[in-house]
Amino acid sequence: MKKRMISLLAAGILVVGSLTGCGNTTETESPAAQSSAPAAQEAAPEESSAAQESAPAEESSAAEVAEANTDLSGSVSMSGSTSMEKLANAVAESFMVKYPNVTVTAEFTGSSAGVESVLAGSCDIGNSSRALTEDEKAEGAVENIVAIDGIAVVVDPANTVTNLTKDQLISIYTGETTNWSEVGGADQAIVVVGREAGSGTRGAFEELLEIEDACAYANELDSTGAVMAKVASTPGAIGYVSLDVLDDTVIAVQLDGVDATEENIKAGSYSLSRPFVMATKGEISEQKPEVQELFNYLASEEGQELIKSVGLILPE
Amino acid sequence: MNSIVGNSKSKSMVEKSAQVIFTVCAFFAVLAVVSITAYMILSGTPALSQVGIAELLFGTVWKPTAAEPSYGILYVILTSIVGTTMAIVLGVPIGVFTAIFLAETASKRLAAIVRPAIELLAGIPSVIYGLLGIMLLCPAMYKLEQVIFADSSTHQFTGGANLLSAVLVLAIMILPTVINISESALRSVPSSLKAASLAMGASEIQTIFKVILPAAKSGIVTAIVLGVGRAIGEAMAISLVSGSSVNAPFPFNSVRFLTTALVSEMGYASDLHRQVLFTIGLVLFAFIMFINLGLTRILKGGAKHE
């Protein structure tokens, strides 16, 4: 009996150990924690430097700014795309730091549900990670593109294939093409690397290529960094990452002959990209002041820095 | 007032309060186990009824975010069983033989080199094992994979991140546990047994395998239990080298373990997907309980026969 008790306790302790391990990793990897940390860090120095600059010049104006910050009060509710979770949380966090009396809440229910609820009036901003449909616009939703999400397809540096067509990319990821020689490269097996289910990048990639849940991944890694490392170190590997993390350890392939660059995405010629829309019911100028201020904040230099800091491209 | 002698009254006060403190501490562990068990069952069972027990535990398709999601975790469960078993089969003989070496045959100078090395091995964080696995093991494994499957048209190349890599990493990770506990079990065998065996004319090797090892059996079984516990609960290292796609557990397939399924998808999972992840946690929890109870029974049975 005693032995059994001891082993039960030992089992419990083992479980506690493994569970706390899991808990820690998920916490540190949760998008909110990731995005809010840089956001807060970036917001803080800018604010303080702004205060320092303006303080000696015109003390009264600095005071006015501070007053204006606390004057605005109310709440902004956002609802919608899970892909925009990182952006929405970062915006909510830093906006609330700047305007302590405004509460910003964000729910992640999916793009369509977000637009639906903004049209129904149950939230102020509907987040959508796709362009609004004609129907949605007809019902009064206004498409405010706040950022653009771009995805680059990367291969290992020794690969001779530098251009893929959209169809080739689809057939590689669905497992029909398994050797680089079939798409004009060396006789080498293709190692298909992707992200885990639930990842925003994976969602966007599969959605844009219309291969949702049809992908045959050989590796499902749980971070952008892991994908980059795997592709860089594995001959014949192919992966996808968001555009901002590209470096020279991997090669970003051209898609239908178009380079994966910010310019091409803005020009609309690179197809693996999508707009991040914060939809409102009616124009921004018709919204309540705190919602208007949120959009002003996003358009300000501070807001633009914030958008870049979560790996997104600024729209023109 | 605070002299060691004290009076009988204050002494009994100290005795009593110490006893209370010990009891409270003991029940803290019990409380932790009970509350974890309750929490795992509460958060793990809703998905069982929502998805259906058979479909969840015996389904082989894992597509949690599809338009028509499918939550079959059979391959994940099998991977954990097969992976842990393979790691034990590889790691335990090496560990036990190392323990025999340290306890019986090693010269002092050699033991002084080996023992600190094992202690260091125990102290290395698991993520380091994973990183080394990515840098050294996976590229070598990929070369092997390319040779073996050179003519295969159906094999999906994984770049060396497969079950075998994970098993090798796990086997190394359980070594310190197995070695340390086996060694202390071997050392606790009374020296009279060994002396008697040698006096009867048995050789050193005969003595080790026929006398000392059987006498230390229960300690070695404990070492295996703890090794299994370490292997089945490990997440960080193998999440880096196993490839993390849900596939049947064949050596060169990219696979996902119970632990890595939790780690890799908890970050972004929501609703039913998240609940299913808790169910995976519950399955893992049940496994560890089951293994511990089962092996304790074997251990008790073995003790009775002697």
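Residues numbered from 1 in each chain as written. Chains lettered and ligands numbered in written order. Predicted model: local features only at pLDDT ≥ 70, side-chain atom pairs only at ≥ 80, totals over all residues. Heavy atoms only, no water.

A. Region of interest: the overall build of chain B. The helix and strand inventory of chain B stands at 12 helices and 2 strands. When the helices and strands of chain B are placed in sequence order, the string is α-α-β-β-α-α-α-α-α-α-α-α-α-α. In terms of overall dimensions, chain B has a C-alpha envelope of 75 × 60 × 40 Å along the principal axes. Counting all 306 residues of chain B, 44% fall into the buried class. Sequence-distant contacts, at least 24 apart, represent 70% of the contacts inside chain B between residues at least 6 apart. Surface summary for chain B: the accessible area is close to 15,800 Å², and the carbon and sulfur share equals 70%. One way to put it: in chain B the 18 positive side-chain charges average out to a point 14 Å from where the 13 negative ones average out. (Helix = DSSP H or I, 4+ residues; strand = E, 2+ residues; numbered from the N terminus. Buried < 20%, exposed > 50% of the residue type's maximum accessible area, 1.4 Å probe, protein only. Contact = heavy atoms within 4.5 Å. Areas by Shrake-Rupley, 256 points an atom, 1.4 Å probe, with all protein chains shown as cover. Lys, Arg positive; Asp, Glu negative; His and termini not counted. Charge placed at Lys NZ, Arg CZ, Asp CG, Glu CD.)

B. Just the side chain of Ser 81 of chain A, in detail. All names here are of chain A. The topology assignment puts Ser 81 in the loop between β1 (74-80) and α4 (85-98). Given a relative accessible area of 1%, Ser 81 falls into the buried group. Not counting chain neighbours up to four residues away, the residues in contact with Ser 81 comprise Phe 108, Gly 110, Ser 111, Asn 127, Ser 128 and Ser 129.

C. Layout of the packing of aromatic side chains. Residues and elements named next belong to chain A. Enumeration according to the criterion identifies 11 aromatic pairs over all chains in this entry. Here the aromatic rings of Tyr 173 and Tyr 217 are separated by 5.9 Å at their centres, their planes lie at 70°, and the arrangement is edge-to-face. Taken together, the residues Tyr 173 in helix α7 (residues 166-173) and Tyr 217 in the loop between α8 (200-209) and β8 (219-221) connect sequence positions 44 residues apart. Look at Tyr 173 and you get buried, because its relative accessible area is 0%. On the basis of relative accessible area, Tyr 217 is assigned to the buried category, the value being 5%. Put simply, the rings of Tyr 173, Phe 205, Tyr 217 and Tyr 240 pair up and form one aromatic cluster. (Phe/Tyr/Trp six-rings, centres within 6.5 Å; stacked < 30°, edge-to-face > 60°.)

D. Structural view of a nonpolar patch on the surface. On the surface, Ile 124, Val 127, Ile 128, Leu 131, Leu 132, Met 135 and Leu 136 of chain B cluster together into a nonpolar patch covering about 630 Å² of accessible area. Within the secondary structure, Ile 128 of chain B is located in helix α5 (residues 126-148). (Patch = residues over 30% accessible without salt bridge, like charges linked within 9 Å, V, L, I, M, F, W, Y side chains within 5 Å. Salt bridge = Lys/Arg side-chain N within 4 Å of Asp/Glu carboxyl O.)

E. Expanded view of the domain arrangement of chain B. All names here are of chain B. When cut into domains, chain B gives domain 1 (1-44) and domain 2 (55-305). The centre of domain 1, based on its C-alpha atoms, is set 35 Å off from the matching centre of domain 2. Taken together, the contacts link 7 residues of domain 1 with 6 residues of domain 2. Between domain 1 and domain 2, a total of about 570 Å² is buried, with carbon and sulfur atoms accounting for 76% of that surface. For domain 1, the biggest contributors to the area lost against domain 2 are Met 40, Ser 43 and Gly 44; these three give 65% of the whole. (Domains from an automatic or database assignment. Buried area = accessible area lost by both parts, 1.4 Å probe.)

F. Representation of the packing of helix α4 (residues 108-123) of chain B against helix α6 (residues 163-187) of chain B within the structure. Residue and element names in this part refer to chain B. Running from amino to carboxyl end, α4 crosses α6 at an angle of 130°, the nearest separation of the two axes being 8 Å. As judged from the angle between their axes, α4 and α6 are oblique. Of the two elements, α4 crosses α6, and the hand of that crossing is left-handed. Across from Arg 115, Ile 118, Leu 121 and Ala 122 in α4, the residues of α6 making contact are Ile 172, Leu 175, Pro 176, Ile 179, Asn 180, Glu 183 and Arg 187. (Axes fitted to C-alpha atoms, helices over the stretch in contact; angles between N-to-C directions. Parallel < 35°, antiparallel > 145°, perpendicular 65-115°, else oblique. Left-handed = near helix turned anticlockwise from the far one by under 90°.)

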